[in-house]
Amino acid sequence: MVGRRMGEGLYKMIRRFFSKNLQKYKQSCTQLLKLSKNEARNIIDTMETILCDADGVLWLYYGPVSDSPRIFNCLRERGKKCYICTNNSTRSREGLLKKALQYGFQINIQNILTSAHTLAHYLKDLEFLNTVYIIGKEGIAQELDAVDIKHTQTGPDILNCTLDEYIEHIRLESDVGAVVVGFDDHISFPKLMKALHYLEGGERCLFLATNTDETFSRTSVICPGSGVIVRSVEFGAKRTATIIGKPSTYLCSSLIKSGELRPETTLMIGDRGNIDILFGYNCGFHTMLVGSGIHGLDDVRKWRNSNDPELYKQVPDFYLPKFGDLMQILYH
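Residues numbered from 1 in each chain as written. Predicted model: local features only at pLDDT ≥ 70, side-chain atom pairs only at ≥ 80, totals over all residues. Heavy atoms only, no water.

Caption draft 1: Molecular detail of the sheet that holds strand β13 (residues 266-270). If you trace the 7 strands from one edge of the open sheet to the other, you get β1-β15-β14-β13-β2-β5-β6, paired in parallel fashion. Edge positions in the sheet fall to β1 (30-31) and β6 (112-114), since each has one partner strand and no second. Pairing of strand β2 (residues 49-52) with β13, which is carried by 4 bridges, proceeds in the parallel orientation. Opposite I50, over in β13, you have L267 as the bridge partner. (Pairing = 2+ DSSP bridges. Helix = DSSP H or I, 4+ residues; strand = E, 2+ residues; numbered from the N terminus.)

Next up, the structure:
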């Protein structure tokens, strides 16, 4: 027992040493594959917690990124606390868990952090008692259901007549106390009109958004993301939404406060500088950009060469072409 305690104490001392040593990599965009295997492995070994974005990092629209389930599971086997941390609000945590398990990721629901789940608990903590008007999909509705918060239906709301006729017969809720905006592929004129109507009530009506991701990819087509819808509502309402997802710190604030997650030994891995890397920066985490999604090294060069300090915050500590490239560090 004494020997075991001494071993654990030595391990923690070594981890603290390497943790301090990591400061030299801050916003350096160090390419891990260009380091020696020992140096790269020491960096990963220092991390107690790994946060992984989902879309663009662990999987793409057609399935998991090469070797990502194996690497994710390997990190867990090595004692890391591994989380999936996503802005995607189209699925509930249960739905995302089912997808992850189907792809071969070994994870439980407590280690899945989503903007929709965090938003629902944000409202619950406020003891919110009114109805939520949703521009979004089932993931938001299901998370609100889980905490017994009333909400409007999701799905199509179509202008299939003249505007005057629609307004004459419009059905409006009388007790809406929050407008929530996320990704909605059924976004329409009626939905925007209703959101603006409810928000006209001023601060009595909360204005929340799951995230502001600008775009996402489906095969060769670029699709508008939640941010396009959020900015439209903001413009019309002349109000700014409270953003619950990345890069705001809400997703991890309770874990940090409880001590479950320590920023100095946490690595955030993502594919977007203005979402994932900025989130890591805001939380005080170490950050790694992977090139399998939206942003790459050309983008990092632009941020680094910019005179805008806000853009410089998006420069990551580390870079890998894809998450699965950790295989070369952990296994060789």
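So much for the structure itself; the text now carries on.
Caption draft 2: Examining the UniProt feature "binding site: Mg(2+)" (unreviewed entry) in the protein more closely. With numbering aligned to this structure, UniProt lists the feature "binding site: Mg(2+)" (unreviewed entry) at D53, D55 and D271. Of the residues just listed, which span 219 residues, no C-alpha pair is farther apart than 8.4 Å, and they cluster in one region. Mapping D55 onto the fold places it in the loop between β2 and β3 (59-60). On the accessibility criterion, D55 (31% relative accessible area) is partly exposed. Beyond its immediate stretch of four places on either side in the chain, D55 contacts T86, N88, K99 and D271. (UniProt positions renumbered as here; feature names shortened; annotations may be inferred. Buried < 20%, exposed > 50% of the residue type's maximum accessible area, 1.4 Å probe, protein only. Contact = heavy atoms within 4.5 Å.)

Caption draft 3: Up close: the side chain of T86. Locating T86 in the fold gives a position in strand β5 (residues 81-86). Ignoring anything within four residues of it in the chain, the contact list for T86 reads D53, A54, D55, L96, L113, T114, S115, K246 and L251.

Caption draft 4: The arrangement of the state of the cysteines in detail. All told, the structure shown has 0 disulfides when counted by the stated rule. Looking at the unpaired C74, the closest cysteine sulfur is the one in C82, lying at 9.2 Å. A relative accessible area of 4% places C74 in the buried class. (Disulfide = S-S within 2.5 Å.)

Caption draft 5: Looking closely at the packing of aromatic side chains. Applying the stated criterion across every chain, the model contains 9 aromatic pairs. When the centroid spacing of 5.2 Å and the interplanar angle of 55 degrees are considered together, the rings of Y133 and Y198 count as tilted. Highlighted residues: Y133 in strand β7 (residues 131-135) and Y198 in helix α8 (residues 189-199), separated in sequence by 65 residues. Comparing Y133 with Y198, the two get one shared label, buried. Between the aromatic rings of F279 and F285, the centroid separation amounts to 6.0 Å while the plane-to-plane angle is 80 degrees, which identifies the pairing as edge-to-face. Each member of the pair, F279 together with F285, is buried. Each residue in the set W59, F72, Y103 and F105 is aromatic and connected to the rest through ring pairs, giving one cluster. (Phe/Tyr/Trp six-rings, centres within 6.5 Å; stacked < 30°, edge-to-face > 60°.)

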